[in-house]
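Observations on the three-dimensional arrangement
Residue strings, one per chain:
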Amino acid sequence: ATQSTWGFRKKIMENKKFNLAIFSNKGHAAFKIIHERNLDAFFNYDIISSLEEIKAMPNPTKYNACFVMTVATTIKFSDVSPMLEEFIPKSPNLSWIHCMNAGIDHVVNETLKKSTKITLTNSKGAYDASIAEFVLLSILYFSKKMQFLMADKAQHKFQMRKVNHAAGVKVGIIGYGSIGKNTAILLKKSLDAKIYAIRNTPKLTEEDKAVVQFMGGEKDIPYVLSEVDYVVNVLPNIPKTVKLFNMNMFKKMKSSAVFINIGRGSAVEEADLIVALKTGVIAGAGLDVFAVEPLPESSPLYDLNNVLFSPHTMGYVEDGWELCISVFEKEVKLFAEGKPLENIVDLNRGYQKSVSYTHLRAHETSLH
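Everything in this summary refers to the structure shown in the same document. (Residues numbered from 1 in each chain as written. Predicted model: local features only at pLDDT ≥ 70, side-chain atom pairs only at ≥ 80, totals over all residues. Heavy atoms only, no water.)

The next subject is the pairing of strand S1 (residues 18–23). The buried fraction of S1 is high, at six of six residues. Neither face of S1 is open: one carries Phe18, Leu20 and Ile22, the other Asn19, Ala21 and Phe23, and all of them are buried. By the bridge criterion, six bridges tie S1 to strand S2 (residues 43–48) in an arrangement that is parallel. Residue pairing for S2: Phe23 is matched across the bridge by Ile48. Sheet topology places S1 next to strand S3 (residues 65–68); four bridges connect them, and they run parallel. Residue Ile22 lies in a different strand from S3, and its bridge partner there is Phe67. (Buried < 20%, exposed > 50% of the residue type's maximum accessible area, 1.4 Å probe, protein only. Helix = DSSP H or I, 4+ residues; strand = E, 2+ residues; numbered from the N terminus. Pairing = 2+ DSSP bridges.)

What follows is the structure, encoded as C-alpha cells:
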C-alpha cells in the first residue's frame, strides 16, 4: 500500500464509522467476541454468506473494508476468490481486506493484485503456538517410537523397545516466517534443538543468532535436508512451492529422518511421499495438511503406521477465535485511525512481509 492509500483511507474514516463487509455465516461465535470487545463501535457491518448475495448488491457498494472468515463452519476456502472477484469491482471505496487465516492463497486473485488501493492483512501469529506444538509433538512421537508402542498396546504386548533422545536434534525449518520462528523458539527452549532455517532473505541477523545455527536460501534446501533429523515444511502455497517436496527431495533426507508438514499440502507430491514412507526412503511423517482436503478415504496415509496424522486441526484451538479477533482488533483500531496496518501481505510474493521477533508473544521469545 502506498502513502496515497493511507490518505485515501483516512479521508473516508474521518468523523464516522467505517463500513465493513464480513464474509461469514450468520450467528458465528466470532460475532459474540466482536460485540464483547465493543469493536462494532468502530464500524457498521453486514454479514455476507454467498456469491449470490454479492451479485444482488447495489453497485457501487458502501464498503470500506472486508473481513474474510474461512473455516469449515463459515465460508469455504473455494468460495472466497469468486466472492472477491465480484465484490471488489463493486466496491470503489474498499481499501482493506483482512483474512482470518495466516495463509492467504484462497484470497489473492488477479482482481486483488491489480488494485492499487487495497491492502491485504492476515492473522499472522494467532495460531503459531499450537502449530509449533504439533512439531514438538511429532519429534517426541517419533523419537520415543510411539507408533510401535501404540501398536504393541493394541495387541496387548508388553515389549520393551530402545528409544531415542529428542534433546539436541537437528531440525530444518523450510519457510522461516512467523510460524517458523515460533517453532524454532519452542524447539530451542524445550529440546535445545539445532535449527537450520531457510527463507528468501537468508542473512543471519543478531536476533536469529540466539535461535538459528544455520540460515540459508532456496539453494541451500538440499544441504539442510541432508543434515537434519526432522524437516519441517512451513512454505505458503505459491507457484514455486507447488510439489517442491517430491521423491528427489525425500531422497536427499536421511533414511532415519522425519518429514513434518505444517505449511500447505500443495508443497508435497503426495504420491511420492507415500512411496518414500512405504519403502523406507524416510522414517516417518507428521502431517497436519494435505494436497486434497478432506483427505480421500482411499488414501494410504490413513493406514501407514509411520504417519502421525492430524486433519488440519492444529490451528483449530479452543481459544482460536479469541486469538483471531485479537489480531483483527489491532488492525481495526489502526484502520479506524488512518494509520498503516501491521500484518500486511505482499500480494506479489503471496505471503506475509518480513517478521520481527518483537512481533511474537513475549513468553514465546524468551530463551531462558
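Attention shifts here to the nonpolar core. The biggest cluster of nonpolar side chains holds 58 residues, and the ones touching the most others in it are Ile139 and Val171. Beyond its immediate sequence surroundings of up to four residues, Ile139 is in contact with Ala166, Val169, Val171, Leu187, Leu191, Tyr230 and Ile260. Ile174, Val228, Phe245 and Ile274 belong to the second-largest nonpolar core, a separate cluster that totals 32 residues. (Core = buried A, V, L, I, M, F, W, Y, C linked by side-chain atoms within 4.5 Å. Contact = heavy atoms within 4.5 Å.)

With that out of the way, let us pick up the state of the cysteines. All chains considered together, the criterion is met by zero disulfides. Here Cys66 is not disulfide-linked; the sulfur of Cys99 is the nearest cysteine sulfur, at 9.8 Å. Cys324 carries a free sulfur, and the closest cysteine sulfur to it, the one in Cys99, is 8.5 Å from it. (Disulfide = S-S within 2.5 Å.)

What follows deals with unusual backbone geometry. Negative phi is the rule for most residues except glycine; trans is the rule for most peptide bonds. Pro60 follows Asn59 through a cis peptide bond whose omega is 10°. With respect to the element layout, Pro60 can be found in the loop between helix H3 (51–55) and S3. For the peptide bond that leads from Glu293 to Pro294, omega is 0°, which places it in the cis range. Along the polypeptide, Pro294 turns up in the loop between strand S11 (284–287) and strand S12 (307–309).

Within a regular beta strand, the side chains point alternately toward one face of the sheet and then the other, so they alternate between its two faces. Counting buried residues in strand S6 (residues 170–174) gives four out of five residues, a clear majority hidden from the surface. Of the strand pairs in this sheet, S6 and strand S7 (residues 194–198) are connected by five bridges, and their pairing is parallel. Residue pairing in the sheet places Ile174 in a bridge with Ile198 of S7. Running through helix H8 (residues 178–191), the crossover from S6 to the neighbouring parallel element S7 is right-handed. Relative to strand S9 (residues 230–233), S6 runs parallel, the two being bridged by four bridges. Bridged to Gly172 within S9 is Val231. (Right-handed = clockwise from strand over helix to strand, strands pointing away.)

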